[in-house]
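Okay, here's what each chain looks like letter by letter:
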Amino acid sequence: MDLTPDQAALAVERHDCPNCDAPAGSACRTRGGKTAAKYHTPRFVLVPALREELEILVPADRLPGRAWKQGAALAIVPAPRTERPVRIGYARTSTARQELASQLEALHRAECHKIFSEQISTRIRVRPELEKALALARQFKEAAPETQVIFTVHELKRLARNAAELMTLSAELQAGGIQLELLTGPLTGIYDPNGMGAMFFAVLAVAGQIERNYIREKTLEGQVIAASKGNHGGRPKVIDDDMLTFAVALKDKGVPVPEIAKKLTIKVGKNAGKNPSVASLYRALAEAENAAADDALPLRPKPVRIRLPEDPLTPEEIDLRERLQSQPHPNTGNLS
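All of these numbers come straight from a predicted model, not from anything done at the bench.

Now, about the state of the cysteines: what can you tell me, with residues and values included?
Counting across every chain of the model gives zero disulfides. Left without a disulfide partner, Cys17 is nearest to the cysteine sulfur of Cys20, which lies 3.6 Å away. Judged by relative accessible area, Cys17 falls into the buried class, the value being 2%.

Laid out in structure tokens, this is it:
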């Protein structure tokens, strides 16, 4: 800032404040009606020499924190226009393992006045830093409608995950009169959302959706090929079919589930060699019972009793023997 603090304050106070409606010649005020400790951003961005500043403090003689009162009226001197646009930068990576340095360096080289960055997936609908960047861009445009405001990103994929989100973003930029700048890629340049720029946003959205659909199709094809080779992906089961059969048999004998869990051993995965948790065993038993109920089948085959010659017959066996003995022999009629 080339101006001294007092000169900056005087330059700011030559304009009405768009935020708190403080008239020219007066400091900004808080919601409580007191003099603010610093001027509101929409007010000092009206002064071209101060647009790159993040805050302008109110001089001590304005008595910040005291009850606000209107100051002496000043003759408003039109500020000289500047052709330098206001750039708001945004950088994003999906995971913490990806680096932001290259994006931030490119945005600094583009002379962005303010840069917002975050590490968040595009699958998350609400991205706080993106919302802040768009809000600040709108704030600049509302405070100085004649100023060129540009929303700058390293590449298009940092903004949206599909065509719908990209079209929503383009509508916001178009409504606010904010331009979009891409620093890399085949579409490098500055695009105005109005006029021919609107067509660019529409074509860009369709192209992005086509690319995502192609990636999805190739992924599904790969999964089908892997499944045909016996690789179905996903995490291995903690309790496989053999373990479940053994657990069901022990449960039928009255063994408590916690004791059953101690008798089982996980075969694969990072927990191989350990006992499954009681909760996992309860879930596996419940899923097996639900599956059997849905198929109208017994959960397990009915055990067969091996009868020894000296064992007495059961009532069911006695009834079956009597019914068989009462039936005529099939060859009786041929003996005559």
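Could you give an account of the pairing of strand β1 (residues 86–93), naming the residues involved and the relevant values?
Judged by how many residues are buried, β1 sits mostly within the fold: eight of eight residues are covered. A two-sided burial pattern is seen for β1, the buried positions comprising Val86, Ile88, Tyr90 and Arg92 on one face and Arg87, Gly89, Ala91 and Thr93 on the other. Two elements, β1 and strand β3 (residues 149–153), share five bridges in a ladder whose sense is parallel. Counterpart to Tyr90 in the pairing with β3 is Val153.

Provide a residue-level description of the nonpolar core, including the pertinent values.
Counting 41 residues, the largest nonpolar core has Tyr39, Ile88, Phe151 and Leu159 as the members making the most contacts within it. Mapped by element, the contributors of at least two residues to this core are α1 (5–12), β1, α4 (128–143), β3, α5 (163–176) and β4 (179–182). At seven residues, α4 tops the list of elements feeding residues into this core. Excluding its chain neighbours within four sequence positions, the residues that come into contact with Ile88 are Cys112, Lys114, Phe116, Ala133, Leu136, Ala137, Phe140, Ile150, Phe151 and Thr152.

Just give me the short version of the pattern of salt bridges, but keep the residues and values in it.
In this structure the tally under the stated criterion is 13 salt bridges. Linking Lys218 and Glu221 is a salt bridge whose minimum nitrogen-to-oxygen distance equals 3.5 Å. Here Lys218 and its partner Glu221 are both found in helix α6 (residues 196–228), three residues apart, which amounts to about one turn of the helix. On the basis of relative accessible area, Lys218 is assigned to the partly exposed category, the value being 44%. Residue class for Glu221 comes out partly exposed when judged on its relative accessible area of 43%. Of the charged contacts, one joins Lys251 and Glu289 as a salt bridge, the two residues approaching to 3.4 Å between their closest N and O atoms. Here the residue Lys251 occupies a position in helix α7 (residues 241–252), and Glu289 occupies one in helix α9 (residues 278–294), the gap between them amounting to 38 residues. Residue class for Lys251 comes out partly exposed when judged on its relative accessible area of 37%. A relative accessible area of 38% places Glu289 in the partly exposed class. Residues joined by salt bridges that share partners form a network here, namely Glu13, Asp61 and Arg62.

A description of the sheet that holds strand β5 (residues 189–191) should follow, citing residues and the corresponding values.
Taken together, the five strands give an open sheet; going across it, the order is β2-β1-β3-β4-β5, and neighbouring strands pair in mixed fashion. Sheet topology places β2 (114–119) and β5 at the edges, where each strand pairs with a single neighbour. Going from strand to strand, the sheet's axes swing by 20° on average, the running direction of each strand aside. Where β4 meets β5, three bridges bridge the pair, whose relative direction is antiparallel. Each residue of the ladder has a partner; that of Leu182, found in β5, is Gly189. Contacts between helix α3 (residues 101–109) and the sheet are confined to β1, β2 and β3, with β1 contributing the most and set at about 175° to the helix. Those strands touched by α4 are β1, β2 and β3, and its axis lies near 160° from that of β2.

Now, about the packing of aromatic side chains: what can you tell me, with residues and values included?
Tallied over the full model, the rule gives one aromatic pair. When the centroid spacing of 6.4 Å and the interplanar angle of 20° are considered together, the rings of Tyr90 and Phe151 count as stacked. Of this pair, Tyr90 sits in strand β1 while Phe151 sits in strand β3, placing them 61 residues apart in sequence. Lying over the aromatic face of Trp68, Arg29 brings its terminal NZ or CZ to 4.3 Å of the ring centre.

Which residues make up the side chain of Gln103, and what values do they have?
Structurally, Gln103 is set in helix α3. In this view, Gln103 contacts Ala91, Arg92, Thr93, His154 and Arg158; residues no more than four positions away in its chain are not counted.

Report on the pairing of β3, specifying residues and quantitative values.
The buried fraction of β3 is high, at five of five residues. In β3, alternate side chains face the same way, and those of Val149, Phe151 and Val153 on one face and Ile150 and Thr152 on the other are all buried. Relative to β4, β3 runs parallel, the two being bridged by four bridges. When the sheet's bridge partners are listed, Phe151 is paired in β4 with Leu180.

About the cut-offs
- Residues numbered from 1 in each chain as written.
- Predicted model: local features only at pLDDT ≥ 70, side-chain atom pairs only at ≥ 80, totals over all residues.
- Heavy atoms only, no water.
- Disulfide = S-S within 2.5 Å.
- Buried < 20%, exposed > 50% of the residue type's maximum accessible area, 1.4 Å probe, protein only.
- Helix = DSSP H or I, 4+ residues; strand = E, 2+ residues; numbered from the N terminus.
- Pairing = 2+ DSSP bridges.
- Core = buried A, V, L, I, M, F, W, Y, C linked by side-chain atoms within 4.5 Å.
- Contact = heavy atoms within 4.5 Å.
- Salt bridge = Lys/Arg side-chain N within 4 Å of Asp/Glu carboxyl O.
- Axes fitted to C-alpha atoms, helices over the stretch in contact; angles between N-to-C directions.
- Phe/Tyr/Trp six-rings, centres within 6.5 Å; stacked < 30°, edge-to-face > 60°.
- Lys NZ or Arg CZ within 6 Å of the ring centre and 35° of its normal.

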